[in-house]
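Observations on the three-dimensional arrangement
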Amino acid sequence: MAGPLSADAPAGGTALPSRPAGRVLAGAALRLGGLLARRALLLAGLLAAVFAAVELLPGDAADATSERGETAADTTRRRALLGLDRPVAERFLDWMTALPTGDLGTSARGERVADLLAGPFPNTLLLGGLALLLTVAVSVGLGCWAALRPGGAVDRTVSATATGILALPEFVVAVALVLVFALWTGLLPAVTTADADGSPATASMLVLPVLALAVPQIGWNTRIVRAALADEAKAPHVETAVLDGLAPRRVLVHHLLPGALPAIATGFATSTGMLLGGAVVVETVFNYPGIGAVLAGAVGDRDTPVIAGVVMVTGAVITCVLLLADLVRARAAGGRI
């Protein structure tokens, strides 16, 4: 004889099998672990490419950091001290083995890479974080404004303007901002000076670098937001809400945005990498005390541990943001990662 129906079974039918909560959580944890493993492997491959690329550059760290008057024997001894006489694969494996302990290696000038990045990297995160917040606020605002008037003058203007500014490189935007707001009007400082702790001396010094980073990404993400909302507007539940006579703003907030959120989140996550990459150029233009100057000096010195350390910390930040975007998409898809 069949057992009694469960409370949520349809009348006259059979109970639908339900998965235990523990099994669901275990499955989610496995999928999340697999996702993290894929991200970690991608980052490891990028770091291996960094080691290989520096190895292909002419000269090495021993030559680049040699002092005036040093003999060839001195350079050879320094090369052995830095481990440059060993195969690059062996040096890469040693560096990766020490990475889980937080050891990013030692620079060619004898400084711990972790200490070298401890000061400027928070400044770069501040710059990139402010630019990302500005990008999110303006892009969502403009995209929603255009979506409320599909096909109208506002929609066409927003789309055309966004297309124009997304093609502008960060250094072009930076130079234009310096000309207008620093040289012509004198409203904002053109360069950044640092306090004793290495941070920007005043908040006004952040305005132009943040704008230079954010403007191209605002153009890119405004188009993504507008396209995601336009795709979601074709969904049956949205068309039903419109036919029911709901106010456009209510349709936007309660029906369009929730469905478009995964695509929008992916766009912003992608912009994180672009912002951190563009920060290197913008920091140089504004003399900003971030990792841009550290990275430029490390490339000149052929200093592989420093370059790899910069890639590692920025890659970790980007990986975390991409993971958040994956979780947003998973939640929108019913909890599957």
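Residues numbered from 1 in each chain as written. Predicted model: local features only at pLDDT ≥ 70, side-chain atom pairs only at ≥ 80, totals over all residues. Heavy atoms only, no water.

What to know about the overall build of the chain
For the record, the criterion: The secondary structure listing takes helices from DSSP runs of H or I that are at least 4 residues long and strands from runs of E that are at least 2 residues long, numbered from the N terminus. Here the globule rule reads 2.2 Å times residues to the power 0.38, and the radius of gyration is calculated from C-alpha atoms. For every residue, the accessible area (1.4 Å probe, protein chains only) is compared with the maximum for its type, and the residue is labelled buried under 20%, exposed over 50%, or partly exposed between those bounds. Should any heavy atoms of two residues lie within 4.5 Å, those residues are counted as being in contact.
Looking only at helices and strands, the chain has 13 helices and 0 strands in total. Counted from the first residue to the last, the chain has its helices and strands arranged as α-α-α-α-α-α-α-α-α-α-α-α-α. A compact globule built from 337 residues should have a C-alpha radius of gyration of about 20 Å, whereas the chain, at 26 Å, is more than 25% larger. Expressed along its principal axes, the backbone C-alpha trace of the chain runs to roughly 90 × 70 × 35 Å. Classification of the 337 residues of the chain by burial places 35% in the buried group. Considering only contacts within the chain whose residues lie at least 6 apart along the sequence, 72% involve residues at least 24 apart.

Section: the packing of helix H7 (residues 153-166) against helix H9 (residues 207-232)
The cut-off we apply is this: Lines fitted to C-alpha atoms define the axes here, with helix axes fitted over just the stretch in contact, and angles between the N-to-C directions of these axes take values from 0 to 180 degrees. Note on terminology: angles under 35 degrees are roughly parallel, angles over 145 are roughly antiparallel, angles of 65 to 115 are roughly perpendicular, and the others are oblique. Crossings are sorted by hand: turned counterclockwise from the far helix by less than a right angle, the near helix makes the crossing left-handed, and turned clockwise it makes it right-handed.
Look at H7 against H9: their axes get within 7 Å of each other, and the N-to-C directions meet at 135 degrees. By the angle between their directions, the pair H7 and H9 is classed as oblique. Considering the relative orientation of H7 and H9, their crossing is left-handed. Within the contact between the two elements, H7 uses Asp155, Val158, Ser159, Ala162, Thr163, Ile165 and Leu166 and H9 uses Val215, Pro216, Gly219, Trp220, Thr222, Arg223 and Arg226.

A closer look at the packing of aromatic side chains
Let me state the cut-off plainly: Stacked, tilted and edge-to-face are the three classes assigned to paired rings of Phe, Tyr and Trp, where Trp is represented by its six-membered ring and a pair needs centres within 6.5 Å; plane angles under 30 degrees give stacked, over 60 edge-to-face, the rest tilted.
Within the structure shown, the criterion is met by 2 aromatic pairs. Between Phe51 and Phe92 the ring centres are 5.2 Å apart and the planes differ by 70 degrees, which places this aromatic pair in the edge-to-face class. Here Phe51, found in helix H1 (residues 21-56), pairs with Phe92, found in helix H4 (residues 88-98); they are 41 residues apart in sequence, far enough to count as distant. For the pair Phe51 and Phe92, a shared accessibility class is recorded, and that class is buried. Pairwise contacts between aromatic rings join Phe51, Phe92 and Trp95 into one cluster.

Brief notes about the confidence of the model for the chain
Short version of the rule: One confidence number per residue, pLDDT, is output by the predictor and ranges from 0 to 100.
When pLDDT is averaged along the chain, the result is 85, and 90% of the positions lie at 70 or above. Here H1 stands out as the least confident element of the chain, with mean pLDDT 81; helix H6 (residues 120-147) is the most confident, with 94. Within the model, the stretch residues 1-16 combines pLDDT values under 50 with 8 contacts to residues more than four positions away or in other chains.

Some points on the packing of H9 against helix H11 (residues 248-286)
Think of two packed helices as two axes; the pair is described by the angle between the axes and how far apart they sit. Here is the rule: Residue type decides the class: Asp, Glu, Lys and Arg count as charged, Ala, Val, Leu, Ile, Met, Phe, Trp, Tyr, Cys and Pro as nonpolar, and the leftover types, Gly among them, as polar.
Here H9 crosses H11 at 155 degrees, and the two axes come no closer than 8 Å. The angle between the axes of H9 and H11 places the two elements in the roughly antiparallel class. Of the two possible hands of crossing, H9 and H11 adopt the one that is right-handed. Looking at the contact of H9 with H11, its residues break down into 21 nonpolar, 7 polar and 1 charged.

Regarding the nonpolar core
Put simply, the rule reads: To define a nonpolar core, start from buried Ala, Val, Leu, Ile, Met, Phe, Trp, Tyr and Cys residues and group those joined through side-chain atoms within 4.5 Å.
Of all hydrophobic cores here, the largest spans 22 residues; its most connected members are Leu47, Trp95, Leu104 and Met312. Apart from residues lying up to four places away in sequence, Met312 is in contact with Leu43, Leu47, Trp95, Leu99 and Leu104. Counting 20 residues, the second largest nonpolar core, distinct from the first, contains Val173, Leu177, Leu206 and Val282.

Points about the pattern of salt bridges
Here is the rule: Salt bridges are defined by distance alone: a side-chain nitrogen of Lys or Arg within 4 Å of a carboxyl oxygen of Asp or Glu.
This structure, assessed with the given rule, holds 10 salt bridges. A salt bridge links Arg109 to Asp301; the nearest nitrogen and oxygen atoms lie 3.1 Å apart. Taken together, the residues span a long stretch of sequence, with Arg109 in the loop between H4 and helix H5 (113-118) and Asp301 in the loop between helix H12 (291-300) and helix H13 (304-332) at a distance of 192 residues. Within this structure, Asp60, Asp63 and Arg79 form a network of salt bridges that share partners.

So, a nonpolar patch on the surface
Quick note on the threshold: The patches described consist of residues with a relative accessible area above 30% and no salt bridge, like charges being joined within 9 Å and nonpolar side chains (Val, Leu, Ile, Met, Phe, Trp, Tyr) within 5 Å. Using a 1.4 Å probe, accessible areas were evaluated by the Shrake-Rupley method; residue-level cover was limited to the displayed protein chains.
Taken together, the side chains of Leu168, Phe171, Val172, Val281 and Val285 make up a nonpolar region of the molecular surface, amounting to roughly 360 Å² of accessible area. Elements represented by at least two residues in the nonpolar patch include exactly helix H8 (170-184) and H11. Within the secondary structure layout, Leu168 lies in the loop between H7 and H8. The class of Leu168 is partly exposed, set by a relative accessible area of 34%.

As for the environment of Gly292
Assignment of secondary structure puts Gly292 in helix H12. Residue Gly292 is classed as buried on the basis of its relative accessible area of 0%. Gly292 sits 18 residues away from Val310 along the chain, and the two C-alpha atoms are 9.4 Å apart. In contact with Gly292, not counting residues within four places along its chain, are Val280 and Glu283.

Focus on the environment of Asp74
Positionally, Asp74 belongs in helix H3 (residues 72-81). Among the residues examined, Asp74 registers a relative accessible area of 24% and is labelled partly exposed. The spacing of Asp74 and Phe92 is 18 residues in sequence and 25 Å in space, taken between C-alpha atoms.

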